[in-house]
Structure formats: structure tokens, C-alpha cells
Amino acid sequence: MSTEAAGSLADRVTKPDEDVADKPVSQEVKDGAPGSELQEPDYTVEVKLSDLQADPNNPLYSVKSFEDIGLDERILKGLSTMGFRKPSKVQERALPLLMGNPPKNLIGQSQSGTGKTAAFVLNVLSRIDLSTPQAQQTPQALILAPTRELARQIVGVIQAMGQYLDGLVIGTAVPADRQSRPAAMTCSVIVGTPGTVQDMVKRRVLNPTQLKVLVLDEADNMLEQQGLGDQCIRVKAMLPRGLQVVLFSATFPPHVHRYAEKFAPDANEITLQHDELTVEGIRQLYMDCDTEEVKYANLVHLYGLLTVGSSIIFVKTRASAVEIEKRMTAEGHTVASLTGAIEGSQRDAVIDSFRSGEAKVLITTNVLARGIDVSTVSLVVNYDIPTAFVAGSRAQEEPDYQTYLHRIGRTGRFGRIGVAITFVSSREEWQMLHKIQDHFATNIERIDTSDWDEVEEMIKKIIKNSRAQSDFSK
Ligand SMILES: Nc1ncnc2c1ncn2[C@@H]1O[C@H](COP(=O)(O)OP(=O)(O)OP(=O)(O)O)[C@@H](O)[C@H]1O
């Protein structure tokens, strides 16, 4: 993929509140301690997973077992400790394509929350050589993600899956709090954001010469977004030719797909049509809110429900995230916010407290729209409907279909049930919602807010149902 191509692609894009990264650099090398970054509370939204995995039409369905796929015994043990019994559809399809030799590139798509992370992590763990101390300290696989939160989450997944692999050391390459010269990345797997990785390679603290696999998670966003796309291309240009390139996302809009095919030439592909993308377990609803004040009032009305499980409220700008947080806090509600305006360890502290269930309501921008996996999230609110600028125009907006899908996909993870409510405050927004509905061939139902008791009853019922379902591991 050429640099010019990336430039023109990035031009047509929305402006998410992202972690674009020519910021200071950090190194955080971790050993293989299991799952320390993925601590979640012990209550979860449960489903009968075995039923879903036995239904051929479900994205979690598979006929094979992890053993059939030919994974190393120690990796199988890691999966079993994590409670993974059977692969999902995307895992069953992607793993044989990824693990074949000679290695082939892959462009992989599947619905949100269906286990794409495990698909690329299992390939990485299967390909790295940990047979000597020198190999253990040589970067062999690089995984890039758009945000520090997602990079840290992926590190947690690798730690958990690779917990029985002796000598596995994972490096996290995300922006540091302060400018500091990082130590050499002496680890076999590196997960990071593109700007920080680019900087580390330039400073020669990350030796890319032995890298065998490059993964882009949320690949459409990584290639499309202004800044990130250029950084990814620059990083790839510094890596050995012929390394395996793996691109995963729930969405690959056609204009990005073309670039993806250049970035990962001759790739095997697993793709979906956009009417196959919505997740059955996510109940999509909307509320009419005439004014900004009504939106706020409705959010406060919903507060009691928001705290039943965990909830994420998506807003358009950093400023409105802070404003809503301040106002709700002043009125005695407990909410947290995370945007690109805060940095480093402060961001880590917010997401960690949300993951642990200490903070149950998180107000955020598109920075957390993608990839974040917190199984207790039972409610997502689109306080502001996601929009993008029409190509070539800084004035005309259209619905941001991809972001809508990723945002609502923060709930309903791996067969769980969740609710997504979009606030609609103008005729234009109402039209956008209808376009989203048509685009995904889905149904977004109106909630009548004239009787709040009824609203509460209805949403509680959906959330309760999900919580009442039987044991996830059965
Ligand atoms: N085979 C499996 N068995 C049980 N749980 C699984 C399995 N595969 C993945 N999971 C769990 O499903 C959840 C969602 O997985 P993951 O985060 O990889 O989804 P994703 O497809 O990457 O979603 P997104 O598109 O939102 O990034 C995680 O909590 C993960 O631990």
C-alpha cells in the first residue's frame, strides 16, 4: 500500500477522539503471569453457551474442537483454564488458514464479540520460538491496536492464553506519561499503538528484523484513520518483507477493504455482508429526546438501570463527556469518564476501575468504541448518534455505520444479551437512525418515554433475562 493511497483514504474520514500517537514512549515488559490486566468482578451476564455453539446459524458455532486445530498442549491448557471449551465460527475458520505453512496473509471479519482476538493470538503463540533465552528476548510478533486500552487488553489475553508457555515475555508499546528513553524491548511478542511502535523502531529500542507476524486489530480503523493509517504503513515499511500480515475487524467498508488488500497482499479472506453484522443478543432501541436537556434528563432517568450491570455512554466530544460527568457527579451519581484528553496511567486507572466493576457507568467518546471487552456491560447508550463527514466535505454529515456497530458491540459479548439505546434529538438524527437500520437490515425499536415506570420495567426485564440465563460454561 502506498503512502499516497493512505493519504487519500484518510481524507474521507470521521474524527474520532483517538489515541494518535507521536507522544512519549514507554516500555512495559510483562512476564507470563495469567490475566492480570483482565480482572473483572465475579458477577457476569450469563448465557447458555452450549446452545449457541450448537446452532449452525450462530457466529459462535463450530464443529471442530481446539484440539482438532492442532494447537500446542500448553496453549490448550491455557484455553481450558480460561474456560474456552469450543472455538467460535471465526476461530474455527481462521486458525487453519493462519497456521498453515508457508504462512499466508489473512483479512478476517466477524461480528463484534465473537472471539477475533483469540484467533490472532493463538496463531501468534503457535508461531513464536521460545526454545532459547535469545529467542525469548527477540521480537517475533507485533500486534498493533488503535488505542492503549485495547493494546493493554490484548496483552492480558496473551498472558492468559500463554500462561503455560515458559519464557513467554510480552512487551507493551504505548505512550508513556513523561518523555523518557525506553529500554530495549527484550520480549518475543509486542503489542502497541502504531505511533509508539514506529518511534521505538526508529530509536532502535525495538529490533524488527526477526518479526514473523504483523497483526492489525480493528484494521479498517487503523488503515482509514488520519494519522494512524500513515503510521501503520510506516511501521510495516520498517519490518521484514514477506512477514505474515493479519488484519481483523468486525467491519471492512468497501473503500477500506481495497486498501486492506494492498496492505495484506494475496490474503485469504473471511468476510461478511453488512446485513450479517448485527449481533442477535443486542436489543437495539431508540428514544426521542427533543432537546439536549431532555437527553440529559433521560440519561438521569436511566441511571438506576445503568448500574444494574455496567454501562457505557458514548458522546461525541471530549467536552461533553466531561460536562455530563461533572453534572451527574454534582447531582450525586457515580460515573467515570475516559477520553483522549487524559493520558497514560490516568487512563489506565479509569479503565481498570471500570473493568473491575468499581466504576459501573463510563462516559466516553469513540476512543472506546472498538474492541473493549468487558463482559458485564449490559447497556450501551448512544447519547450522541455517531456521525461522519461525507467524503470531501467538512460540512455534510452522514451516519457513521461502522462506529454505530462497534459501539453497540461493547455489550452482547460472546452470546451474552445486552441493550443498546440511541438518543435521537432532531429530524436529521432520526433520518440517520433509519439509514443505520436499513444499512444493517436490522430493527431499532422506539421506546415510549411517556411512562418511565414502563420503560424501566421493559429494560430491566431484558437485562434481568440475560442475568438469569444459566451457566456460561455449560
Ligand atoms: N472460544 C471461546 N469460548 C469462550 N469464550 C470465548 C471464546 N472466544 C472468545 N471468547 C470470549 O469472548 C469475548 C469476546 O472476544 P473478543 O474480544 O476477542 O471479540 P472480538 O471478536 O475481537 O470483538 P470486537 O469486534 O468487539 O473487537 C471475550 O471475553 C473472550 O474471552
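All of these numbers come straight from a predicted model, not from anything done at the bench.

On to the pattern of salt bridges. Once their charged atoms are close, side chains differing in charge can pair, the charge on each being opposite to the other. Taken as a whole and judged by the stated rule, the model has 16 salt bridges. With its nearest N and O atoms 2.8 Å apart, the salt bridge here joins Glu-149 to Arg-347. With Glu-149 in helix 7 (residues 148-161) and Arg-347 in helix 14 (residues 344-356), this residue pair connects regions lying 198 residues apart in the sequence. Residue Arg-283 pairs with Glu-445 through a salt bridge whose shortest N-O separation is 3.0 Å. One end of the pair, Arg-283, is in strand 9 (residues 282-288); the other, Glu-445, is in strand 17 (residues 445-447), and 162 residues separate them in sequence. On the basis of relative accessible area, Glu-445 is assigned to the partly exposed category, the value being 28%. Here the salt bridges do not stand alone but share partners, grouping Arg-148, Arg-152, Asp-348 and Asp-352 into one network.

Counting along an α-helix, one turn takes 3.6 residues, and residues three or four places apart therefore face a common direction. Of all the positions in helix 3 (residues 73-82), only Ile-75, Leu-76, Gly-78 and Leu-79 are classed as buried. Projected onto a plane normal to the axis of helix 3, the buried residues spread over an arc of 155° and lie on a single side. In this structure, the buried side of helix 3 is in contact with helix 5 (116-127) and helix 7. The opening residue of helix 3 is Asp-72, an N-cap whose side-chain oxygen sits 2.7 Å from the backbone nitrogen of Arg-74. Where helix 3 ends, the next residue or the one after it, Gly-83, has phi of about 90°, a positive value.

Following Asn-101, the chain continues to Pro-102 via a peptide bond in cis, the omega torsion being 0°. Mapped onto the fold, Pro-102 is located in the loop between helix 4 (89-99) and strand 2 (106-109). You will see that Phe-414, though not glycine, has its phi angle at about 45°, which is positive. Taking the relative accessible area as the measure of exposure, Phe-414 reaches 17% and is therefore buried.

In this section: the sheet that holds strand 9. Read from one edge to the other, the open sheet built from seven strands follows the order 11-12-10-13-16-9-17, with strand pairing classed as parallel. Two strands bound the open sheet, and with one partner strand each, they are strand 11 (336-338) and strand 17. Across the sheet, the mean angle separating the axes of adjacent strands is 25° when strand polarity is ignored. As defined by bridge partners, strand 10 (residues 310-314) adjoins strand 12 (residues 361-364) across four bridges and the pair is classed as parallel. Residue pairing across strands places Ile-313 opposite Ile-363, the latter belonging to strand 12. Its contacts with the sheet place helix 14 against strand 10, strand 11, strand 12 and strand 13 (377-382), and it is angled at close to 130° to strand 11.

Moving on to the pairing of strand 2. Because side chains alternate across strand 2, one face comprises the buried residues Leu-106 and Gly-108, and the other comprises Ile-107 and Gln-109, equally buried. Inspection of the sheet shows strand 2 paired to strand 7 (residues 244-249) by four bridges, in the parallel sense. Among the inter-strand pairings, Leu-106 is bridged to a residue of strand 7, identified as Val-246. The sheet contact formed by strand 2 and strand 8 (residues 268-270) spans three bridges and is parallel. Paired with Leu-106 across the bridge in strand 8 is Asn-268.

Within the structure, the ligand sits among 19 residues, and Lys-86, Lys-116, Thr-117, Asp-373 and Arg-413 are positioned closest to it. Contacts to the ligand include Thr-117, whose side-chain N or O atom sits 2.7 Å from an oxygen atom. The protein chains hide 91% of the 640 Å² of surface that the ligand would expose on its own. Its residues assigned to classes, the shell around the ligand comprises five nonpolar, eight polar and six charged. A domain-level breakdown of the shell around the ligand finds at least three residues from each of domain 1 (10-273) and domain 2 (282-472).

As recorded in UniProt, the sites labelled "short sequence motif: Q motif" (unreviewed entry) are residues 64-92. Taken end to end, residues 64-92 has its terminal C-alpha atoms 7 Å apart, with 48% of it in helix and 0% in strand.

Attention now moves to the packing of aromatic side chains. This structure, assessed with the given rule, holds three aromatic pairs. Note on Tyr-383 and Phe-423: the rings are 5.6 Å apart at their centroids and 50° apart in plane angle, and the pair reads as tilted. With Tyr-383 in the loop between strand 13 and strand 14 (387-389) and Phe-423 in strand 16 (residues 418-424), the pair connects residues that are 40 residues apart, well separated along the chain. Each member of the pair, Tyr-383 as well as Phe-423, carries the same accessibility label: buried. Above the face of the Tyr-164 ring, Lys-77 is positioned so that its terminal group lies 4.3 Å from the ring centre. Directly above the aromatic system of Phe-263 lies the positively charged group of Lys-236, at a separation of 4.8 Å from the ring centroid.

A separate point is the state of the cysteines. Under the counting rule described, the total for this entry stands at zero disulfides. Left without a disulfide partner, Cys-232 is nearest to the cysteine sulfur of Cys-187, which lies 19 Å away.

Here we come to the nonpolar core. Ranked by size, the top nonpolar core spans 41 residues in total, and within it Leu-122, Leu-125, Ile-143, Ile-154, Ile-158, Leu-168 and Phe-248 carry the most contacts. Contributions of two or more residues to this core are made by helix 3, helix 4, helix 5, strand 3 (141-144), helix 7, strand 5 (189-192), strand 6 (213-217) and strand 7. Setting aside anything within four residues of it in sequence, one finds Phe-248 in contact with Val-90, Ala-94, Leu-98, Leu-106, Gly-108, Lys-116, Ala-119, Phe-120, Leu-216, Asp-217, Glu-218 and Ala-219. Counting residues in hydrophobic clusters, the runner-up holds 33 residues, among them Leu-277, Ile-282, Val-350 and Val-377.

What follows is about the packing of helix 8 (residues 194-202) against helix 10 (residues 228-237). Running from N to C, helix 8 and helix 10 cross one another at 35°; their axes reach a closest spacing of 9 Å. For helix 8 against helix 10, the interelement crossing comes out left-handed. Two secondary-structure elements touch here, helix 8 through Pro-194, Gly-195, Val-197 and Gln-198 and helix 10 through Leu-228, Gln-231, Cys-232, Arg-234 and Val-235. Counted by class, the contact of helix 8 with helix 10 contains five nonpolar, three polar and one charged residues.

Analysis parameters
- Residues numbered from 1 in each chain as written.
- Predicted model: local features only at pLDDT ≥ 70, side-chain atom pairs only at ≥ 80, totals over all residues.
- Heavy atoms only, no water.
- Salt bridge = Lys/Arg side-chain N within 4 Å of Asp/Glu carboxyl O.
- Helix = DSSP H or I, 4+ residues; strand = E, 2+ residues; numbered from the N terminus.
- Buried < 20%, exposed > 50% of the residue type's maximum accessible area, 1.4 Å probe, protein only.
- Arc of directions from axis to C-beta.
- Contact = heavy atoms within 4.5 Å.
- Polar contact = N/O pair within 3.5 Å; in protein donor to acceptor, adjacent residues only side chain to side chain.
- Pairing = 2+ DSSP bridges.
- Axes fitted to C-alpha atoms, helices over the stretch in contact; angles between N-to-C directions.
- Near = heavy atom within 4 Å.
- Areas by Shrake-Rupley, 256 points an atom, 1.4 Å probe, with all protein chains shown as cover.
- Nonpolar A, V, L, I, M, F, W, Y, C, P; charged D, E, K, R; others polar.
- Domains from an automatic or database assignment.
- UniProt positions renumbered as here; feature names shortened; annotations may be inferred.
- Phe/Tyr/Trp six-rings, centres within 6.5 Å; stacked < 30°, edge-to-face > 60°.
- Lys NZ or Arg CZ within 6 Å of the ring centre and 35° of its normal.
- Disulfide = S-S within 2.5 Å.
- Core = buried A, V, L, I, M, F, W, Y, C linked by side-chain atoms within 4.5 Å.
- Left-handed = near helix turned anticlockwise from the far one by under 90°.

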